[in-house]
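# Chain and residue survey
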Amino acid sequence: MGRILLENVTKSFGDAQVIPPLDLVIDDGEFTVFVGPSGCGKSTLLRLIAGLEETSSGTITIDGLDVTQVPPSKRGLAMVFQSYALYPHMTVRKNIAFPMRMAGLSQAEQDKRVMTAAKSLNLVDYLDRKPGQLSGGQRQRVAIGRAIVRDPTAFLFDEPLSNLDAALRVGMRLEISEMHKRMQTTMIYVTHDQVEAMTMADKIVVLQAGVIEQVGSPLELYRSPCNLFVAGFIGSPKMNFITGTEAANRHAHTLGVRPEHIAVSTQTGAWTGRVSVSEHLGSDTFLHVHETGLADTLTVRTNGEISFKHGDIIHLTPREEMVHRFDAAGLRIS
Amino acid sequence: MSNRTLPRLLQTPAVLLLLIWMLIPLSMTLYFSFIRYVLNSLRRPEWTKPSISNWRGFGNYEFVLNNKDFILAIQNSLLIVCSILFFTVIFGILIAVLINKSFPGRGVVRVLLISPFFVMPAVNAVLWINMILDPVLGLQGLAVGGLNDAIEGLRNAPLVGGFFSLWPDFAPISFRATQTSAIAVIIMVTWQWTPFAVLIFMTSLQSEDQQQKEAAILDGAGAWSQFRFLTLPHLSRPIAIVVMIQAIFHLSLYAEIEIVSRGNGNKNLPYLIGEFANNNIGAASATGIFAVILANIVAFFLLRMIGKTLME
Amino acid sequence: MAIVAHHSRFSKIAWPVLAWIVALLFFFPIFWMLLTSFKTDADAVKPEHLLFFTPTLENYANMTENYDYWRFATNSVIASVMATAVTLFVGIPSAYAMAFNPSRSTKDMLMWMLSTKMLPAAGVLYPMTFLTKNILGIFDTHFLIILVLSLINLPIVIWMLFTYFKEIPRDIIEAGKMDGVSTWGEIREILIPLAWGGIASTALLCFIFCWNEAYWTVRLTTTDAATLSKLIEGNRAPEGLFFGRLSAVSTAAVGPIVVLGWFCQKQLVQGLTFGAVK
């Protein structure tokens, strides 16, 4: 089990309220990602759930039990930190066994669980090393191992991949996803990287300035972002925003068009512009187009075979059914 | 109960101990400073007990302020502290720059240089005043004696003898005398604390931005300009720290003065208090309160400075 | 255009030579004390025996007889070791609380603690004598000296420990909380093993400060608890007759501490500037 309920939770540091009253339901077995720019309160929210920060008001319930005043270790949660937070003076074996030792489990049980975790995380050969002798990816695995052995009701991940290099990050992302599929335990994952959010989540919670902007599955957020912030945050490259007469023609204040929903032609199209830079990624080409009269720059995503030079005039046509419309307050018009 | 209560309670023993340590003796000093209280008095035996009936108001403070030793002690305190600060900072910077470059045996040089800082103050004073500065038997006396002997020999030499016979005999300086004992204290404390300044400046120099220096070289800055416009500003915070920490230590200088001169004409505030405390407790306490005020003025600036740099 | 300063051959040699000269000058008084300690009292003041003399160990052999050295040294060891232990025992939990569970008043608390260090000892000299002699009856006891040394070093020790503890990543402490460690467990299992180096050098410095303390140890003792500072201070003016034996006892008093000091130069900087200079 692992159903987490936040009701009217707030958090203030001194006079500054970083989390205004907030409600959230995380269902059992769900992989939930908190995403948002840095300083949006996503880590604070996770730490409130963990019990590392005290709530200023409101209640947190885990499986029907009010845990608002319960110390972190008694909430049955396990956390993986951004810096891994391994105990540098203990071997990998002792690191993994530490929470069990604190819980007073028998030595035999500890050994058994350490071995099981080590096997599933490919750490068997490293059990007697200290964290300082491990690579970043291995340290990450130890941190996960330390979380797994506690058999928690939910896992909390605080930006666990941001200290890894790009290649490892993709690998670990997959491993964590597989782990979730296998264990079916509730997981809450904090990241600022919308790619991680999109690829891993069952449910994404987009936060800004402590406020939940939208909650939904990755595709819901991608297909129907409820406001300009979510529209701009989810998707890469960023959605293009167009204001002015073009928007007014479609009875909106702002239009949002994703780069991948614009067709390019050398002959004809709805809009015309001049190519400033074209970035060739191999599989794709990103065109940055100026002088369209719509926005400073329009980003267009086309296939990798297309090639334009700086200064080329091109014609662009949006896919009408994929154009998002927003009102003056930035809210979606459906 | 929140899970932070116990951890926060852990600081109470230290806080309580320091509170007692600070409040009880200080409030006693404050109380004694307002009453007539002496250790021995045949004429007024009732003054030998600390009693509220001997209330004197600000009488002790007036007595102290009108005592010429008090003004002298303040002057001396300031003279000693300011001189020590001046010399330690100057020598500290020069030596720190000198040993900042790597050269053979730098580790040993560091060890030799830092050693004086760990010598106990009592030994420091005894060592300097007897074996080095003593006008007869110390190295000073021996050096001056040797010099005089040499000149004496040269007077009888052919050719130059006439020239040297014009020279007077050199007289060694007694550092236990009224006018010179403060100088002896300044010399020995400077010797002891220059290493401290060197250590701190050197540590700070090592964190100096080398790319900034390289940029300055490319911009055509010479060695002096680099020192003046990059190194010195970089050292400003360590200099402030060295000055403030030393001020605190040296305002309460005691052992060196006691050993060098027994305070003859060379009292500082702590010494004067000790002297008053041999009999006139009221005056000693009033002087003590002045010392506390003086230290608090210094402390105020130090704490503000440290507070800014530490709690980021 | 030669803009990079080329070091001349001269400065390449002169620079280290100058550094060595300065270092030797600063070390000279200590060297001189050491040298004199191997001279007889008679040789010590004779110009012809300044550098050339027959070394003798008699000054060290007679230290007990001449000065009762070991009694004072034992007192110094007892006072310094015990005071260091007490200070750490009180200081570690306190620094832990302030480093990892700061409240709004923590900063003021630290500043206030430091300000007690700046209270001039002389200001409370008589009350301390009065209290310990007439009221508590603990004048000239080990207990008093240990207590006073602990109290005067507590602020510095807490500050030093605080700066070391602050360097421990918060995450590790929080991981411990998630893993179910109690407050004491946190100190024992995580804090002390992790900050071991910092605690050791704090202890070392505290020990040095206790050993060298020369105000309270002189003014609050007579014989029973008198330390080496008191011994040296009591023999401050030998009128040149006993330079040899005085040098020996002084060397014995400062030697171990100077050597200890060599090992904690770096920590000294961090400790005494409270981490403001690194």
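Notes on the structure follow. The shown structure was predicted, so the numbers you read here are calculated from the model rather than taken from an experiment.

About the criteria used
- Residues numbered from 1 in each chain as written.
- Chains lettered and ligands numbered in written order.
- Predicted model: local features only at pLDDT ≥ 70, side-chain atom pairs only at ≥ 80, totals over all residues.
- Heavy atoms only, no water.
- Helix = DSSP H or I, 4+ residues; strand = E, 2+ residues; numbered from the N terminus.
- Rg over C-alpha atoms; globule rule 2.2 N^0.38 Å.
- Buried < 20%, exposed > 50% of the residue type's maximum accessible area, 1.4 Å probe, protein only.
- Contact = heavy atoms within 4.5 Å.
- Lys, Arg positive; Asp, Glu negative; His and termini not counted.
- Charge placed at Lys NZ, Arg CZ, Asp CG, Glu CD.
- Buried area = accessible area lost by both parts, 1.4 Å probe.
- Salt bridge = Lys/Arg side-chain N within 4 Å of Asp/Glu carboxyl O.
- Pairing = 2+ DSSP bridges.
- Axes fitted to C-alpha atoms, helices over the stretch in contact; angles between N-to-C directions.
- Polar contact = N/O pair within 3.5 Å; in protein donor to acceptor, adjacent residues only side chain to side chain.
- Phe/Tyr/Trp six-rings, centres within 6.5 Å; stacked < 30°, edge-to-face > 60°.

Next up on the list: the overall build of chain C. A count of helical and extended segments in chain C gives 15 helices and zero strands. Taking 278 residues into account, the globule formula puts the C-alpha radius of gyration at 19 Å, and chain C, at 24 Å, lies well above it. Overall, chain C is about 80 × 75 × 35 Å in size when its C-alpha atoms are taken along their principal axes. Going through the 278 residues of chain C one by one, you find that 61% of them count as buried. Put simply, 75% of the contacts in chain C that link residues at least 6 apart link residues at least 24 apart. If you average the places of the 19 positive and of the 18 negative side-chain charges in chain C, the two averages end up 8 Å apart.

Turning our attention to the interface of chain B and chain C. Taken together, the contact pairs 94 residues of chain B with 100 residues of chain C. Buried area between chain B and chain C, both sides added, is near 9,100 Å², and the carbon and sulfur share of it is 80%. For chain B, the biggest contributors to the area lost against chain C are Trp21, Phe118 and Met120 of chain B; these three give 9% of the whole. Across the contact surface, chain B and chain C share zero salt bridges.

Another aspect to go through is the sheet that holds strand β10 (residues 211-216) of chain A. Residues and elements named next belong to chain A. In space, the six strands of this open sheet follow the order β6-β7-β8-β3-β9-β10, with mixed pairing throughout. A strand with exactly one partner marks an edge of an open sheet, and here the two such strands are β6 (77-80) and β10. Pairs of neighbouring strands in the sheet enclose a mean axial angle of 20°, with direction left out of account. One ladder, built from four bridges, connects β6 with strand β7 (residues 154-158); its direction is parallel. Within β7, the position partnered with Met79 by the bridge is Leu156.

Taken together, the contacts link 14 residues of chain C with 24 residues of chain A. Counting each side, the surface lost to burial between chain C and chain A is near 1,600 Å², with a carbon and sulfur contribution of 63%. Of all residues in chain C, the largest losses of buried area upon contact with chain A belong to Met178, Asp179 and Glu189 of chain C, amounting jointly to 41% of the total for that side. Where chain C meets chain A, there are four salt bridges. Here Arg146 of chain A makes a salt bridge to Asp179 of chain C, at a shortest N to O gap of 3.7 Å. Linking chain C with chain A are seven residue pairs in polar contact (both at pLDDT 80 or more), by the criterion used here. Sorting the residues of the side of chain C that touches chain A by element identifies α9 (170-178) and α10 (183-194) of chain C as the ones contributing at least two each.

Moving on: the side chain of Glu186 of chain C. Residues and elements named next belong to chain C. Counting through the fold element by element, Glu186 comes out in helix α10. Judged by relative accessible area, which is 2%, Glu186 ranks as buried. A distance of 2.8 Å separates the side chain of Glu186 from the side chain of Tyr96, its partner in a polar contact.

This part takes up the packing of aromatic side chains. Under the counting rule described, the total for this entry stands at 30 aromatic pairs over all chains. Between the aromatic rings of Phe31 of chain A and Tyr189 of chain A, the centroid separation amounts to 5.8 Å while the plane-to-plane angle is 40°, which identifies the pairing as tilted. On the criterion of sequence distance, the pair formed by Phe31 of chain A in strand β3 (residues 31-35) and Tyr189 of chain A in strand β8 (residues 186-191) is long-range, its members being 158 residues apart. Each member of the pair, Phe31 of chain A as well as Tyr189 of chain A, carries the same accessibility label: buried. When the centroid spacing of 5.4 Å and the interplanar angle of 75° are considered together, the rings of Phe86 of chain B and Phe87 of chain B count as edge-to-face. Take Phe86 of chain B: its relative accessible area is 52%, and that puts it in the exposed class.

So, about the side chain of Ser229 of chain C. Here Ser229 of chain C shows up in helix α13 (residues 228-234). When its relative accessible area of 0% is taken as the criterion, Ser229 of chain C is described as buried. Among residues more than four places away in sequence, those in contact with Ser229 of chain C are Met120 and Ala122 of chain B together with Trp211, Asn212, Glu213, Ala214, Thr217 and Val218 of chain C.

Shape is all these values report; function is a separate question.
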